[in-house]
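One letter stands for each residue in the lines below.
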Amino acid sequence: METKLVSLRRFSKFMCLLTFSLIFLGALVKSTESGLSVPDWPTTYGKFMFAFPLDQMAGGIKYEHTHRMLASIVGLLTLGLCIWLLRSSVGTWIKRLGIAAFVAVVAQGVLGGLAVRYFLPVWLSTFHGVLAHLFLIILIMIAYGLSMEHNHRRHLEDAAEGQWIKMVLIFTGMVFIQLILGNIMRHTQSGLAIPDFPTMGGSLWPTMDQAMLNHINAWRFENNMDPVTKVQVHIHLWHRIWALLILLKLGYINYLAYKKYLNKPLIIKTLFLLNIAVALQIMLGISTVLFMKEVVVTTCHVTIGAFVLGLSFLLLLRSSPCTWDSFKKQLKRK
Amino acid sequence: MVVRHSFVFFFISLMSLALTGYALASGTVSGTIKFDGKAPHFRAIPMDADPICLSLHKEIVLPQTIVLGNGNTLGNVFVYVKSGLTQTDFPIPSEPIVIDQKGCNYFPHVLGIRVNQKVRILNPDGTLHNVHAMTKVNEEFNMAMPQFRKEAEKIFNKPEFMFALKCDVHPWMGAWIAVMSHPYFTVTQTDGKFEIKGLPNGTYEIEAWHEKLGTKTATITITDGATQTSDFTFAAPSQS
Ligand SMILES: [Cu+2]
């Protein structure tokens, strides 16, 4: 029984890693604009996906086709995880999460397929990008629920105070909103709607008027890009503003941790990693603009975004009590 | 004999007079299109994404968006009669329009086709393309053209002004298509010159369209089948 649980535990962590790779590949598909390089779905150029000859994976096909193949593997493995969880002796809520993960992965696959069939409408592609992160969160929750750490913590009363949990919860929500903003920005082609940093449209303070738009579009013309609208500039601006707010919030969380939780290594360790991830993420975001959406930089920016979300969520899990009821109680307590 | 000859002569004279008269009544609008400003900074297209495409070019390939000739004349501008035509029904040409995907690029880059005219899409490269028509009015399609499929045929059955044709395997491949209900349109070459012939007397709105520089219009009046000149200058977007 125990050995089985050990394998399940490892498998759930492996699934998290695999999902990160899948997000990386999905981001690569968007960065290279090759989402429609395979025009049919679920077949690939009329062939069963895994029968498509690898030497024909030219241009955008290598990204899109690899993404599809890995996605199918993740889908199958998620089904495996779900069945495994249902047949194991784990708690009901983890079993439910297993079912949720499977539903999410199927929905994600169908969304991806529909996006191809309907020629990538903005909202569908955006939703596909957002659901990927929800799926990741479910997997992290499963992996944490199965972990030794969680098992160990169940017998301790080591949860942080309600105020801290609330703070981390809000932070995680803010990161999630940022991922939605980023997704909208990507799929509305607004990634370079403000093409300069630290200036914005030529001045330090974005005036958001016609002059700023003209300045941006003149730059875009010089670099052989299509003109943007004010809406695109707004979407882009909000991604930057929100990043700044996240950074401020993280600063406050660090301050709070320094004051109260230096004695909790689990929280400090996770927060440390989160700080590094956020710093890296901001640098990558700036680089995405400065290197004009260079494929690798942009793709890493999306992937590290998923890491930031994952780490914030892990911090939340590690700060919270181990059951839902005590979690709610803890939040209410001052 | 003589009588018959003179009759034939008279008849031919009459016919040619009528034909000349007809020809006189149809005018021409012509002009030159220029670009004012600094051309964009183009980076070479990274064709190494597909070794077959890469092998087809010895030199670097640049985007076809701003194509300039001597004296800043502008190519790839679509010029057409936007309004003023009284005739609504025109015979559909039986000749198909050809779009070639040679060297992993579309030729021509900007083109006009007629409603219900056949469009032949060629794939001479021996690589895999997909032809994605990003239409709004006509039915959108994303058609696979594997290496063995050398040719495909498509028809657009509704007028639609300008949609992009894309290949998502090779993201740099792009063309612009206008589906026209009449034959009065043309596309400039690098010399920037255009000529639209056979216009009946009347007043017309002429529009010049460029994918990055937008549109310019002019109103012209054709009388007695004369030629009207209408030059256009497109300015690069300015910082102010
Ligand atoms: Cu192609």
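Residues numbered from 1 in each chain as written. Chains lettered and ligands numbered in written order. Predicted model: local features only at pLDDT ≥ 70, side-chain atom pairs only at ≥ 80, totals over all residues. Heavy atoms only, no water.

K.L.:
Looking at this structure, how should I read the coordination of the copper ion?
P.N.:
Tetrahedral metal sites with four donors have an ideal angle of 109.5 degrees; octahedral sites with six donors have ideal angles of 90 or 180 degrees. Residues and elements named next belong to chain B. In this structure, His129 (ND1), Cys167 (SG), His170 (ND1) and Met173 (SD) serve as the protein donors to the copper ion, at separations of 2.0 to 2.6 Å. Angles of 95 to 136° at the metal separate the 4 donor atoms of the copper ion, which places the site in the irregular class. Donor residues for the copper ion, ordered by position in the chain, follow H-x37-C-x2-H-x2-M. Of this pair, histidine 129 sits in strand β6 (residues 129-134) while methionine 173 sits in the loop between β9 (160-166) and β10 (174-180), and the two are 44 residues apart along the sequence. Of the two residues examined, histidine 129 and methionine 173, each falls in the buried class. (Donors = N, O, S within 2.8 Å, 3.2 Å for Na, K, Ca; no water. Tetrahedral: all angles 85-135°; square planar, octahedral: opposite > 155°, others 65-115°. Helix = DSSP H or I, 4+ residues; strand = E, 2+ residues; numbered from the N terminus. Buried < 20%, exposed > 50% of the residue type's maximum accessible area, 1.4 Å probe, protein only.)

K.L.:
Mind showing me how you'd approach helix α9 (residues 265-290) of chain A here?
P.N.:
Quick reminder: α-helices carry 3.6 residues per turn. Residues three or four places apart thus point the same way. Residue and element names in this part refer to chain A. For α9, which comprises 26 residues, the first-to-last C-alpha distance of 37 Å matches the rise-based estimate of 38 Å (1.5 Å per residue) to within 8%. By the burial criterion, the buried members of α9 are Ile267, Thr270, Leu271, Leu274, Ala277, Val278, Gln281, Leu284, Ser287, Thr288 and Val289. Taken together, the buried residues of α9 touch α6 (162-187), α8 (230-260) and α10 (295-319). Two residues or fewer past α9, methionine 292 is found with a positive phi of approximately 50°. (Expected span 1.5 Å × (residues − 1). Contact = heavy atoms within 4.5 Å.)

K.L.:
Where do I start with the domain arrangement of chain A in this structure?
P.N.:
Put simply, an interface is often sized by how much accessible area is lost when its parts join up. Residues and elements named next belong to chain A. What the domain assignment lists for chain A is domain 1 (1-146) and domain 2 (158-334). Just the C-alpha atoms count here: the centres of domain 1 and domain 2 sit 24 Å apart. Facing the 21 residues of domain 1 at the interface are 23 residues of domain 2. For the domain 1 and domain 2 pair, buried surface summed over both sides reaches about 2,100 Å², with 78% attributable to carbon and sulfur atoms. Sorting the residues of domain 1 by area buried against domain 2 places Lys30, His133 and Tyr144 first, and these three jointly supply 27% of that buried surface. Counting across the interface, domain 1 meets domain 2 through 0 salt bridges. Connecting domain 1 to domain 2 are 3 residue pairs in polar contact (both at pLDDT 80 or more). Of all the elements in the fold, those that place two or more residues in the side of domain 1 that touches domain 2 are α1 (2-31) and α4 (122-146). Top element by residues in the side of domain 1 that touches domain 2 is α4. It accounts for 12 residues. Here the side of domain 1 that touches domain 2 is built from residues that sort into 13 nonpolar, 6 polar and 2 charged. (Domains from an automatic or database assignment. Buried area = accessible area lost by both parts, 1.4 Å probe. Salt bridge = Lys/Arg side-chain N within 4 Å of Asp/Glu carboxyl O. Polar contact = N/O pair within 3.5 Å; in protein donor to acceptor, adjacent residues only side chain to side chain. Nonpolar A, V, L, I, M, F, W, Y, C, P; charged D, E, K, R; others polar.)

K.L.:
Help me understand the packing of aromatic side chains, please; the structure alone is not making it clear to me.
P.N.:
To describe a pair of aromatic rings, you give the distance between the ring centres and the angle between the ring planes. Per the stated rule, a full pass over the model turns up 18 aromatic pairs over all chains. On the numbers, 5.8 Å between centres and 25° between planes, the contact of A:Tyr45 with A:Phe52 is stacked. One aromatic cluster is present, formed by B:Phe78, B:Tyr80, B:Phe161, B:Trp176, B:Phe185 and B:Trp209 through successive ring pairs. The residue whose ring lies beneath B:Lys154 is B:Phe141, and the NZ or CZ to ring-centre distance is 4.2 Å. (Phe/Tyr/Trp six-rings, centres within 6.5 Å; stacked < 30°, edge-to-face > 60°. Lys NZ or Arg CZ within 6 Å of the ring centre and 35° of its normal.)

K.L.:
What am I meant to see in the interface of chain A and chain B here?
P.N.:
Contacts between the two partners involve 28 residues from chain A, matched on the other side by 31 residues from chain B. Across the chain A to chain B interface the summed buried area is about 2,400 Å²; carbon plus sulfur atoms make up 57%. When the buried area of chain A at its contact with chain B is split by residue, A:Phe119, A:Phe221 and A:Asn224 rank highest and sum to 30% of it. Across the contact surface, chain A and chain B share 1 salt bridge. The residue B:Lys212 makes a salt bridge to A:Asp226 at a minimum N-O spacing of 2.7 Å. At the boundary of chain A with chain B, the tally comes to 9 residue pairs in polar contact (both at pLDDT 80 or more). When contributions to the side of chain A that touches chain B are tallied by element, the ones reaching two or more residues are α2 (61-87) and α7 (210-222) of chain A. Ranked by residue count, the leading element in the side of chain A that touches chain B is α7(A), at 7 residues.

K.L.:
How do you make sense of the domain arrangement of chain B when you look at a structure like this?
P.N.:
Residues and elements named next belong to chain B. Each assigned domain of chain B is listed with its residue range as follows: domain 1 (26-44 + 71-87 + 189-240) and domain 2 (91-181). Each partner contributes residues to the interface: domain 1 has 6 residues there, and domain 2 has 9 residues. Buried surface at the junction of domain 1 and domain 2, summed over both partners, amounts to about 720 Å²; 76% is from carbon and sulfur atoms. Considering only the side of domain 1, the residues that lose the most area to domain 2 are Phe78, Trp209 and Glu211, jointly responsible for 68% of the buried surface there. Summed over the shared surface of domain 1 and domain 2, the number is 2 residue pairs in polar contact (both at pLDDT 80 or more). Secondary-structure elements contributing two or more residues to the side of domain 1 that touches domain 2 are β2 (78-83) and β13 (202-210). Taken together, the residues that form the side of domain 1 that touches domain 2 break down as 3 nonpolar, 1 polar and 2 charged.

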